[in-house]
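Listed below, chain by chain, are the residues.
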Amino acid sequence: MTFVSTAPGFTGGTLDRADQLRHDEDALAAARGDWRARLLKLDNLQPEVTDDGRLGWTSLADAREDAVLILLGLDAARPHFVAYEPGTRVSNAPAMRSPALMAALHSLAPGEAATYAAARSLIDWHSRHGFCANCGTATDIFRAGWGRTCPNCKAEHFPRVDPVVIMIAEHDGRALLGRGKGWPPGRYSALAGFLEPGEAIEEAVAREIHEEAGIRVSGVRYIASQPWPFPSQLMMACVATAEDDTITLDTNELEDAIWVSRDEVRAILAGGAGSFLPPPPYAIAFTLLTEWAKG
């Protein structure tokens, strides 16, 4: 749970993940045969959203014949599934996050995006992990879609989550924001980067800020976290104190970086004009900026 006043996007899911059912084949069979069971409606991995901001659901009878039903969880004992269709190929390039998908994410009611995030990440993982990383044999789906097992070497594989730090460096009442290549005109956001093996969150924050903007920081403080289903990351938001404000930009990573005042950030988040376009509300960078702006 997070204690920030602005809940990060893709959090707040209401489904009981029902781990106990993943190990019980009889219970799973009963869930698949339950007339109340629901199937998430996806169109090329894009969610169908109702007029009231809810995810669209249908009957299991609408699943493709060769689809594997993945148990997303229970809602008041009603099973909820998503269908993985063998042969699915997923592109997670930013360009493939269509305007329609972004509009759908904007319109989803709180908590609904969390269910979508789990479903999308699971389908993506299955689409790219059909073979055993240990011996190369084709693997089988088990644990209600939450794992794959190798029939040859008996290795078990589970959906991975990649840890990412996303952070603001602050100096003299200002926040450091960066702009990535190909972003919408005027958009700036928090800096971010993957954790490396043998590295703590605080160390990754300091390393990434120095690598991308040439600024040394200390006093790293954790703010909140967010699942990010493009494809399957855990974003860990932090704030750090900068030793100085001299930017040395790594143009391989960023197109630009700027310092912005707390007053300007407050005005922009309130819908006013300013020098940059903020990240969308479903991105944890929006939560991070909001919390920082409150001081």
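All of these numbers come straight from a predicted model, not from anything done at the bench. (Residues numbered from 1 in each chain as written. Predicted model: local features only at pLDDT ≥ 70, side-chain atom pairs only at ≥ 80, totals over all residues. Heavy atoms only, no water.)

1. Remarks on the pairing of strand β11 (residues 174-179)
Put simply, side chains in a regular strand alternate between the two faces of the sheet. Among the 6 residues of β11, 5 are classified as buried, and the element is accordingly described as predominantly covered. Strand direction decides the pairing type here: strand β10 (residues 162-171) and β11, joined by 2 bridges, are antiparallel. Across the sheet, Glu-170 pairs through a bridge with Ala-175, a residue of β11. Inspection of the sheet shows β11 paired to strand β15 (residues 256-261) by 6 bridges, in the antiparallel sense. For Ala-175, the partnering residue across the bridge sits in β15 and is Val-260. (Buried < 20%, exposed > 50% of the residue type's maximum accessible area, 1.4 Å probe, protein only. Helix = DSSP H or I, 4+ residues; strand = E, 2+ residues; numbered from the N terminus. Pairing = 2+ DSSP bridges.)

2. Here we look at helix α4 (residues 112-128)
Taking 1.5 Å per residue as the helical rise, α4 with its 17 residues ought to reach 24 Å, and the 25 Å between its terminal C-alpha atoms agrees with that figure. With 16 of 17 residues buried, α4 is to be regarded as a mostly interior element. (Expected span 1.5 Å × (residues − 1).)

3. Things to note about the pairing of strand β13 (residues 217-228)
Sheet topology places β13 next to strand β14 (residues 233-242); 9 bridges connect them, and they run antiparallel. Of the residues in β14, the one forming a bridge with Val-217 is Ala-242. In this antiparallel pair of consecutive strands, β13 and β14, the connection spans 4 residues.

4. Here we look at the nonpolar core
Phe-10, Leu-72, Phe-81, Leu-105, Ile-168, Leu-177 and Phe-276 are the most contacted members of the largest nonpolar core, which totals 63 residues. Contacts of Leu-177, omitting those with residues within four sequence positions, involve Ile-168, Tyr-188, Ser-189, Ala-190, Leu-191, Asp-256, Ala-257, Ile-258, Val-260, Phe-276 and Leu-289. In this structure, Leu-176, Leu-191, Val-217 and Cys-238 belong to the second largest nonpolar core, which totals 19 residues. (Core = buried A, V, L, I, M, F, W, Y, C linked by side-chain atoms within 4.5 Å. Contact = heavy atoms within 4.5 Å.)

5. Overview of the sheet that holds strand β7 (residues 140-142)
The antiparallel open sheet is built from 3 strands, whose spatial order is β7-β8-β9. In this open sheet, the two strands that pair with only one neighbour each are β7 and β9 (156-157). Two strands pair when backbone bridges link them, and β7 and strand β8 (residues 147-149) are joined in this way by 3 bridges, in the antiparallel orientation. Within β8, the residue paired with Ile-141 across the bridge is Arg-148. Of the strands in this sheet, β7, β8 and β9 touch α4, which is tilted by about 20 degrees from β8. (Axes fitted to C-alpha atoms, helices over the stretch in contact; angles between N-to-C directions.)

6. Considering unusual backbone geometry
A negative phi holds for most residues other than glycine; trans holds for most peptide bonds. Residue Pro-231 follows Phe-230 across a cis peptide bond; omega there is 5 degrees. When you line up the elements, Pro-231 lands in the loop between β13 and β14. Of note, the phi angle at Asn-44 is positive, near 55 degrees, even though the residue is not glycine. Position of Asn-44 among the secondary structure elements: in the loop between β2 (42-43) and β3 (46-47).

7. Things to note about the packing of aromatic side chains
Scanning all chains against the criterion turns up 6 aromatic pairs. Centroid distance Phe-10 to Phe-230: 6.3 Å. Interplanar angle 75 degrees. Geometry classified as edge-to-face. Of this pair, Phe-10 sits in the segment before α1 (19-22) while Phe-230 sits in the loop between β13 and β14, placing them 220 residues apart in sequence. Here the two residues Phe-10 and Phe-230 agree in accessibility, since each one is buried. With centroids separated by 6.3 Å and ring planes inclined at 15 degrees, the aromatic side chains of Trp-228 and Tyr-282 adopt a geometry described as stacked. Placement of the pair is Trp-228 in strand β13 and Tyr-282 in the loop between α6 (262-269) and α7 (284-293), with a sequence separation of 54 residues. Note on accessibility: Trp-228 and Tyr-282 belong to one class, buried. Cluster of aromatic residues (ring-pair linked, three or more members): Phe-10, Trp-228, Phe-230 and Tyr-282. Stacked on the ring of Trp-146, the Lys or Arg Arg-22 has its end atom at 3.9 Å from the ring centre. (Phe/Tyr/Trp six-rings, centres within 6.5 Å; stacked < 30°, edge-to-face > 60°. Lys NZ or Arg CZ within 6 Å of the ring centre and 35° of its normal.)

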